[in-house]
Amino acid sequence: MIDLSTTLGNAWFPSPLFTASGCASSGKELAQFIDLREIGAVVTKSVMSKPRHGRATPRMAETPSGMINSIGLQGPGIDQFLAHDLPWLVSQKARVIVSIAGETVEEYATLARKVRSAPGISALEVNISCPNVENRGLVFACDPDASRRVIDGVRKTLGGELPIIAKLSPDVTDLVSIAKGVVDAGADGLALINTVLSMVINLDTMRPHLGGKTGGLSGPAIRPIAVRAIYQVHEALPAVPILGMGGVASGRDALELILAGAKGVSVGTASFGDPAAIITIQNE
Ligand SMILES: Cc1cc2nc3c(=O)[nH]c(=O)nc-3n(C[C@H](O)[C@H](O)[C@H](O)COP(=O)(O)O)c2cc1C
């Protein structure tokens, strides 16, 4: 037996392999294919205060070595999530990292307040980087000041116990300064990277393929961007744990992110082709 255990802040995980937020919902579908206890943790789909339908269809397109999506944070809302999804995951003895997303600084703090009293959570991932929310002016992760204020609000609401992992966007010029800002504001760790803002045009209709026009690129196409982002941030902030993700589809890919500086690796897009990919990657 090889000890693959890792830590993110004060949270311990038996394996460095995690699901990627939004690619395994709240784990139920994945549990048909893998034993959720075998992986590091399930990172849940980013949940918002209210239920959401998400964006217009089509919401996905295949691209060279990847895919583009504009789901638009469809979900049940935090109350349903805490009443049904989280207790189910806890009953399965899965470790859980809850991902939250908001449209205002206050919404993030409200979500943190609700999550604070829920049992069975290992860490909170704060998605400040999803490019799919309706209001394009509110991509917190592209604004150093807004990023800091979100994490500051979550930290103050949460108190000291639960580790906060701030999930950042690669769609910025100076990622290190954003990373420093959220760490100063109280993030214990960083998740790198969210999808890369992109677009596909349908040549038959001559219009944007996605209902939401733009979407997030994921899969192997973005792995070199993830490696670069993790490397740069780890070099600047070597003591801050990084959960890396972006195009990991094999054990070697996961190792590349770990060599760049990640302490854990999330698997997203690969699980759409093979729901058991995370276990294969872990074994490799
Ligand atoms: C369909 C889909 C939905 C996603 N939803 C979320 C989300 O709700 N919150 C979030 O932080 N990231 C979300 N992501 C981004 C992934 O968690 C991950 O950061 C990104 O896809 C890169 O990893 P991958 O190439 O392994 O998929 C989503 C990605 C995909 C493909």
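Residues numbered from 1 in each chain as written. Predicted model: local features only at pLDDT ≥ 70, side-chain atom pairs only at ≥ 80, totals over all residues. Heavy atoms only, no water.

Draft legend 1. Spatial organisation of the overall build of the protein chain. The helix and strand inventory of the protein chain stands at 8 helices and 16 strands. At 17 Å, the protein chain has a C-alpha radius of gyration in line with the 19 Å of a compact globule built from 284 residues. Referenced to the eigenvectors of the C-alpha coordinate spread, the extents of the protein chain come out at roughly 50 × 45 × 40 Å. In the protein chain, which comprises 284 residues, the proportion classed as buried is 56%. If you take every contact in the protein chain between residues at least 6 apart in sequence, the share linking residues at least 24 apart comes to 70%. A total accessible area of about 12400 Å² is found for the protein chain, and carbon and sulfur atoms account for 54% of it. Averaging the positions of the 25 positive and the 26 negative side-chain charges in the protein chain gives two centres separated by 4 Å. (Helix = DSSP H or I, 4+ residues; strand = E, 2+ residues; numbered from the N terminus. Rg over C-alpha atoms; globule rule 2.2 N^0.38 Å. Buried < 20%, exposed > 50% of the residue type's maximum accessible area, 1.4 Å probe, protein only. Contact = heavy atoms within 4.5 Å. Areas by Shrake-Rupley, 256 points an atom, 1.4 Å probe, with all protein chains shown as cover. Lys, Arg positive; Asp, Glu negative; His and termini not counted. Charge placed at Lys NZ, Arg CZ, Asp CG, Glu CD.)

Draft legend 2. The arrangement of the sheet that holds strand β14 (residues 214-218) in detail. If you trace the 4 strands from one edge of the open sheet to the other, you get β5-β6-β14-β11, paired in antiparallel fashion. The open sheet is flanked by β5 (60-63) and β11 (196-199), the only strands paired with a single partner. Across the sheet, the mean angle separating the axes of adjacent strands is 35° when strand polarity is ignored. Two strands pair when backbone bridges link them, and β11 and β14 are joined in this way by 4 bridges, in the antiparallel orientation. (Pairing = 2+ DSSP bridges. Axes fitted to C-alpha atoms, helices over the stretch in contact; angles between N-to-C directions.)

Draft legend 3. Representation of the site of the ligand within the structure. In the vicinity of the ligand there are 25 residues, among which S21, S46, K167, G247 and T269 approach most closely. S21 is positioned with one of its backbone polar atoms (N or O) 2.7 Å from an oxygen atom of the ligand. Measuring from an oxygen atom of the ligand, one finds a backbone N or O atom of I193 at 2.9 Å. Notes on the ligand: free accessible area 610 Å², of which the protein chains cover 98%. Residue composition of the shell around the ligand, by class: 10 nonpolar, 13 polar and 2 charged. (Near = heavy atom within 4 Å. Polar contact = N/O pair within 3.5 Å; in protein donor to acceptor, adjacent residues only side chain to side chain. Nonpolar A, V, L, I, M, F, W, Y, C, P; charged D, E, K, R; others polar.)

Draft legend 4. Spatial organisation of the environment of L8. Assignment of secondary structure puts L8 in strand β1 (residues 6-8). Given a relative accessible area of 3%, L8 falls into the buried group. Sequence spacing of L8 and P208 is 200 residues, and the spatial spacing of their C-alpha atoms is 39 Å. With residues up to four places along the chain from it excluded, the contact list for L8 reads F13, F18, I97, P163, I165, P241, I242, L243 and K263.

Draft legend 5. Structural view of the packing of helix α3 (residues 144-158) against helix α4 (residues 175-184). The contact between α3 and α4 brings their axes to 8 Å, and the two run at 25°. With respect to α4, the axis of α3 lies roughly parallel. Here α3 runs over α4; the crossing is right-handed. Contacts between α3 and α4 involve P144, S147, R148 and I151 on the former and, on the latter, I178, G181 and V182. Of the residues belonging to the contact of α3 with α4, the class tally is 4 nonpolar, 2 polar and 1 charged. (Parallel < 35°, antiparallel > 145°, perpendicular 65-115°, else oblique. Left-handed = near helix turned anticlockwise from the far one by under 90°.)

Draft legend 6. Representation of the packing of aromatic side chains in the model. Evaluation of the coordinates by the stated rule reveals 2 aromatic pairs. On the numbers, 4.9 Å between centres and 75° between planes, the contact of F13 with F18 is edge-to-face. The two residues F13 and F18 agree in class, both being buried. Taken together, a centroid distance of 5.3 Å and an interplanar angle of 85° make the contact between Y108 and F140 edge-to-face. One end of the pair, Y108, is in helix α2 (residues 105-116); the other, F140, is in the loop between β8 (123-127) and α3, with 32 residues separating them in the sequence. (Phe/Tyr/Trp six-rings, centres within 6.5 Å; stacked < 30°, edge-to-face > 60°.)

Keep in mind these values describe shape, not function.
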